[in-house]
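Chain residues, written in single-letter form:
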Amino acid sequence: MTAVVRKSANPVWLILLLLVLGSNLILYRTDFGGYVLSGASGAVVIGSLIDLAIVAPLLFLAWTRSITLKGFLFGAATGLIAARFLIPAEWLGSYTPITYIGFAAEGAFILLELVLVVSLFVYLPKIIRTTGEDEKPLLFAFPAAVNSHIRSHPIIHAFCSEMLMFYYAFGSWKRKPCLNEDAFTLHRNSSHMAMQMMLIHAIIIETIGIHWWLHDKSLVLSIILLILNVYSVIYLIADMQAVRLTPSVFGSDRLYLSLGMSNKMEIRYSDIEEVVTDVEKLSGKLSKDTAAFIARDFEAGRPDVLLRLKHPVSATLFMGIRRPHRAVAVRVDDKDAFIRRLEKELDNH
């Protein structure tokens, strides 16, 4: 299955999608729609099923710039399920069994994903052993070990991200950062850690206040917000630990850049086209296709180095989401040593 990626999102697809969904909503949930249906309900229902199961998924995939067979099938199943709840039973009539195909397809997708998740835990001992034998930083070694034992899948990437988050939040406090001649930190000359701590304190104070206020008004909503805030605190703690314990590392054939749980990238030296260190060229705004490895600070941070790539290279973000970039901006604590080491590796490759 090959994804078709467009350079820029076209709002026309979104407008058409909203028109399709809105017209069907008006058709079945307004008095005007009831008047239309009274004349030719069978043909209209067939048209709505085509809209929701075929047209709407295609428009959504075109808008999101990624048309895949799997995405279309998932969207078609979702559309059939939506039709079951949108179209009243008296109008759906003999077409009701068609909507059950959507439920069956969704069930099959969910079952497949559950099988993948179960296989992740079955192979977990081997994955941990492979991770321990790998010389790469843990943030890179663990996902690579998972991919070597289990078929790559978005839900697997998401679970890997969550497992790493809980490890860094609760199981990494005895570890110390491995700082040697190959490692370079990105956060020590910034206020990154202080800002993370401020966010954690703000969330805790907000949780106490809002949860107390909402508890008597809506118990369910207060519990949901409590869970989300607890998750946010765990994530921020894990992110701090990941930043502290995982500096950027020069490997044998590539550079491992990382800045927390949701920003990491492997760049082969052979994929680097140009290294820009000119202060004037780095003072402007970064383009959208530039990955930024710049620690948070109270003032806007400028990169020390800009790496222009020969072709797009993917960076791994939150939940294992991957996004291609044509350039990488880096602000490093020891700028001169980093540039010397980078130029040395480029000369050797």
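Look above for the structure.
Sequence order as written defines the numbering, with residues in each chain counted from 1. Side-chain atom pairs in this predicted model are given and counted only at pLDDT of 80 or more, local residue features only at pLDDT of at least 70, and totals for whole chains, interfaces and linings cover all residues. Remark: hydrogens and water are excluded; side-chain values derive from all non-hydrogen atoms of the structure.

1. Overview of the pairing of strand β7 (residues 305-316)
Looking along a regular strand, one sees the side chains alternate between the two faces of the sheet.
Logical step 1: By this definition, two strands are paired if DSSP reports at least two bridges between them. Segments assigned H or I by DSSP are reported as helices when at least four residues long, segments assigned E as strands when at least two residues long, and all are numbered from the N terminus. Pairing of strand β4 (residues 264-268) with β7, which is carried by 2 bridges, proceeds in the antiparallel orientation. When the bridges of β7 are listed, M265 appears paired with A315.
Logical step 2: Where strand β5 (residues 272-276) meets β7, 4 bridges bridge the pair, whose relative direction is antiparallel. Considered in β7, the bridge of V276 is made with L306.
Logical step 3: Relative to strand β8 (residues 322-330), β7 runs antiparallel, the two sharing 8 bridges. Paired with S314 across the strands is P324, a residue of β8.
Logical step 4: In sequence, β7 turns back onto β8 through a hairpin of 5 residues, with M319 there showing a positive phi of about 60°.

2. A closer look at helix α11 (residues 335-348)
Logical step 1: A rise of 1.5 Å per residue sets the reference length of α11, with its 14 residues, at 20 Å; its end C-alpha atoms lie 20 Å apart and thus fit the reference within 8%.
Logical step 2: Where α11 is concerned, the buried positions are A337, F338, I339, R341, L342 and E345.
Logical step 3: Here, residues are in contact when the closest pair of their heavy atoms is within 4.5 Å. Looking at the buried residues of α11, the elements they touch are β1 (183-184), β2 (248-250), β3 (254-258), β5, β7 and β8. By definition here, a helix of n residues has an expected span of 1.5 Å times n minus one. Each residue's exposure class comes from its accessible area (1.4 Å probe, protein chains only) as a fraction of the maximum for that residue type: buried when under 20%, exposed when over 50%, partly exposed otherwise.

3. A closer look at a nonpolar patch on the surface
Logical step 1: Two distance rules govern patches: like charges are joined within 9 Å, and nonpolar side chains (Val, Leu, Ile, Met, Phe, Trp, Tyr) within 5 Å, applied only to residues with over 30% relative accessible area and no salt bridge. Per-residue and other accessible areas were derived by the Shrake-Rupley procedure at a 1.4 Å probe size, with only the shown protein chains allowed to occlude residues. Salt bridges are counted wherever a side-chain nitrogen of Lys or Arg sits within 4 Å of a carboxyl oxygen of Asp or Glu. A cluster of nonpolar side chains, namely I210, W213, V220, L221, I224, L225 and L228, defines an oily patch on the protein surface of about 640 Å² accessible area.
Logical step 2: When residues of the nonpolar patch are traced back to their parent elements, those giving at least two are α9 (192-215) and α10 (219-245).
Logical step 3: Considering each element in turn, the nonpolar patch owes the most residues, 5 residues, to α10.

4. Re the pattern of salt bridges
Logical step 1: Following the criterion strictly, the structure yields 7 salt bridges and no others.
Logical step 2: Here R254 and E266 are joined by a salt bridge, their closest N and O atoms 2.8 Å apart. Placement of R254 in strand β3 and of E266 in strand β4 is noted, with a sequence separation of 12 residues between them.
Logical step 3: R254 gets classed as buried once you look at its relative accessible area, which sits at 15%.
Logical step 4: Judged by its relative accessible area of 28%, E266 is partly exposed.
Logical step 5: Bridged by salt links that share partners, the residues D253, R254, E266 and R268 form one connected network.

5. Some points on the pairing of β4
Logical step 1: In the sheet, β3 pairs with β4 via 5 bridges, with the strands oriented antiparallel. The residue of β4 that forms the bridge with L257 is M265.
Logical step 2: Counting the residues in the hairpin turn of β3 and β4 gives 5 residues, including G260, whose phi is positive at 95°.

6. Some words on the nonpolar core
Logical step 1: Nonpolar cores are built from buried Ala, Val, Leu, Ile, Met, Phe, Trp, Tyr and Cys residues. Side-chain atoms within 4.5 Å join them into one set. Grouped together as the largest cluster of nonpolar side chains are 27 residues, with contacts concentrated most on I127, L139, F142, V146, I156, Y168 and M261.
Logical step 2: Elements with a minimum of two residues in this core: α5 (96-122), α6 (124-133), α7 (138-149), α8 (154-170) and α10.
Logical step 3: Of all the elements, α8 adds the most residues to this core, at 7 residues.
Logical step 4: When neighbours within four sequence positions are excluded, M261 is seen to be in contact with L139, S161, L164, M165, Y168, Y235, A238, D239 and A242.
Logical step 5: Counting 26 residues, the second largest nonpolar core, distinct from the first, contains L255, L257, M265 and V332.

7. A word on the packing of aromatic side chains
Logical step 1: When two rings of Phe, Tyr or Trp (its six-membered ring) have centres within 6.5 Å they constitute a pair, described as stacked for plane angles under 30 degrees, edge-to-face for angles over 60, and tilted for the intermediate range. As enumerated under the stated definition, the model contains 12 aromatic pairs in all.
Logical step 2: Summarising the aromatic geometry, the rings of Y167 and Y168 are spaced 5.4 Å apart at their centres and angled 75° between planes, so their arrangement reads as edge-to-face.
Logical step 3: Since its relative accessible area comes to 1%, Y168 is described here as buried.
Logical step 4: Among the aromatic residues, those joined into a cluster by ring pairs are F184, F250, Y269 and F338.

8. Some remarks on empty space enclosed by the protein
Taking a probe equal in size to a water molecule and rolling it over the atoms shows the remaining empty space.
Logical step 1: Both cavities and pockets are sets of points on a 1 Å grid over the protein atoms alone; in a cavity a 1.4 Å probe fits but cannot get out, in a pocket the set is open with protein on both sides within 12 Å along at least five of seven lines, and lining residues sit with an atom within 4 Å of a point. Grid points are joined across faces, edges and corners, and a volume is the space filled by probe spheres set on the points. Taken as a whole and assessed by the stated rule, the structure comprises 1 cavity of 30 Å³ or more.
Logical step 2: By volume, the largest cavity amounts to about 40 Å³.
Logical step 3: Around the largest cavity, the lining residues are T185, L186, H187, V243, T246, P247, S248, S258 and L259.
Logical step 4: Side-chain classes follow a simple rule in which Ala, Val, Leu, Ile, Met, Phe, Trp, Tyr, Cys and Pro form the nonpolar group, Asp, Glu, Lys and Arg form the charged group, and the remainder, Gly included, forms the polar group. Residues that form the lining of the largest cavity fall into these classes: 4 nonpolar, 5 polar and no charged.

All we've got here are geometric facts, nothing functional implied.
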